[in-house]
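# Close look at the chain arrangement
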Amino acid sequence: MGGSSKPRVSLFFPVYRDERTVARVAEKALRVLSELASDYEVIIVDDGSPDTAGTIADQIAANNPSVRVIHHARNLGYGRALRTGFEAARFDWICFTDGDDEYEVDDLRKLLRLHDRYDLIITFRYAKRYRSWRIFMSYIYNKLLRWLFKTRYRDVSCGLKVIRREVVEELDLISTSPFIGAEVAIKTMLKGFRVGEVGIQTFPREFGKGSATSIRYIWATLRDMRRVYTTVFSTEYDKPVNRA
């Protein structure tokens, strides 16, 4: 950690149809946090998963006091699951990732090296092991967001991030879709906090199919994009207190 004191870290990830990977991601998280953090917790958010992911998460928590599980009675969406994780996190730094093991939790080492320089550290995929269609969709999505929201982020939807908890408390997040990753980065920038980027590799799902590129989730993402755009570009957003 470059000689600086170890941070206190809450790491959470949502699960939905992730019964084959929830234990693996939790084990990786516990291992890396035991090395990098002075105190830590792992929170698993079961977003109404219809498989046994929630049950497996409960078994993990029963055997490890550093693990907590939060269950949604029904599927509320990726963004709402992340907001649940943010609300539950207790420590100074919050790391969030996905439950399907596409992102390597051990890359948290790279991000936490920068924790004394930035308030939010996001990642970009420099090696994408996906189908060409998904790579193309990601390219268009990020290009659109850079144009709409006047940012320079390379890959704002990349699902491994670290953020200071006090920053989250100022963001007033509203997304329930995968757009929440972009909302976090955009609002952090507009609030004047420091944002850093780190390059990582990602890995394909070993089973099933991701839902982020489904018609349902694309529509939900566009809806949240419009809501956030309307909010942050309104004349009332984050108005200086001395301006009536």
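Heads up: the structure comes first, above all this text.
Residues numbered from 1 in each chain as written. Predicted model: local features only at pLDDT ≥ 70, side-chain atom pairs only at ≥ 80, totals over all residues. Heavy atoms only, no water.

## Section: a nonpolar patch on the surface
Nonpolar side chains collect at one region of the surface, where Trp-133, Phe-136, Tyr-139 and Ile-140 lie side by side and expose about 450 Å² of accessible area between them. The residue Ile-140 is located in helix H5 (residues 132–149) in this model. What makes Ile-140 partly exposed here is its relative accessible area of 41%. (Patch = residues over 30% accessible without salt bridge, like charges linked within 9 Å, V, L, I, M, F, W, Y side chains within 5 Å. Areas by Shrake-Rupley, 256 points an atom, 1.4 Å probe, with all protein chains shown as cover. Salt bridge = Lys/Arg side-chain N within 4 Å of Asp/Glu carboxyl O. Helix = DSSP H or I, 4+ residues; strand = E, 2+ residues; numbered from the N terminus. Buried < 20%, exposed > 50% of the residue type's maximum accessible area, 1.4 Å probe, protein only.)

## With respect to the packing of aromatic side chains
Evaluated as defined, the whole model comprises seven aromatic pairs. Ring centres of Phe-12 and Phe-86 lie 5.2 Å apart, and the angle between their planes is 85°; this geometry places the pair in the edge-to-face category. In this pair, Phe-12 sits in strand E1 (residues 8–15) while Phe-86 sits in helix H3 (residues 78–88), placing the two residues 74 residues apart along the sequence. Residue Phe-12 is classed as buried on the basis of its relative accessible area of 0%. Both rings, one in Tyr-229 and one in Phe-233, keep their centres 4.6 Å apart while their planes meet at 40°; by these two values the pair is tilted. With relative accessibility at 35%, the residue Tyr-229 sits in the partly exposed group. (Phe/Tyr/Trp six-rings, centres within 6.5 Å; stacked < 30°, edge-to-face > 60°.)

## Details of the side chain of Lys-187
Tracing the backbone through its elements, the reader meets Lys-187 in helix H7 (residues 180–190). Within polar-contact distance, the side chain of Lys-187 engages the side chain of Glu-183 at 2.8 Å. Beyond its immediate chain neighbours, meaning those up to four positions away, Lys-187 contacts Leu-171, Asp-172, Leu-173, Ile-174, Val-228, Val-232 and Tyr-237. (Polar contact = N/O pair within 3.5 Å; in protein donor to acceptor, adjacent residues only side chain to side chain. Contact = heavy atoms within 4.5 Å.)

## Re the pattern of salt bridges
Scanning all chains against the criterion turns up 19 salt bridges. Linking Asp-101 and Arg-24 is a salt bridge whose minimum nitrogen-to-oxygen distance equals 2.9 Å. Residue Asp-101 is found in the loop between strand E4 (93–96) and helix H4 (108–112), and its partner Arg-24 is found in helix H1 (residues 22–36); the two are separated by 77 residues along the sequence. We classify Arg-24 as partly exposed; its relative accessible area is 27%. Of the charged contacts, one joins Glu-41 and Arg-90 as a salt bridge, the two residues approaching to 2.9 Å between their closest N and O atoms. With Glu-41 in strand E2 (residues 39–46) and Arg-90 in the loop between H3 and E4, this pair connects stretches of sequence that are 49 residues apart. In the salt-bridge network here, residues are joined through shared partners; they are Arg-24, Lys-28, Asp-101 and Glu-104.

## Thoughts on the packing of H5 against helix H8 (residues 215–232)
Running from amino to carboxyl end, H5 crosses H8 at an angle of 15°, the nearest separation of the two axes being 12 Å. The orientation of H5 relative to H8 falls into the category roughly parallel. Handedness of the H5/H8 crossing: right-handed. Of H8, the residues touching H5 (which contributes Met-137, Tyr-141, Leu-144, Leu-145, Leu-148 and Phe-149) are Ile-218, Thr-221, Met-225, Val-228, Tyr-229 and Val-232. In the contact of H5 with H8, the residues fall into 11 nonpolar, one polar and no charged. (Axes fitted to C-alpha atoms, helices over the stretch in contact; angles between N-to-C directions. Parallel < 35°, antiparallel > 145°, perpendicular 65-115°, else oblique. Left-handed = near helix turned anticlockwise from the far one by under 90°. Nonpolar A, V, L, I, M, F, W, Y, C, P; charged D, E, K, R; others polar.)

Purely geometric numbers; function is a separate question.
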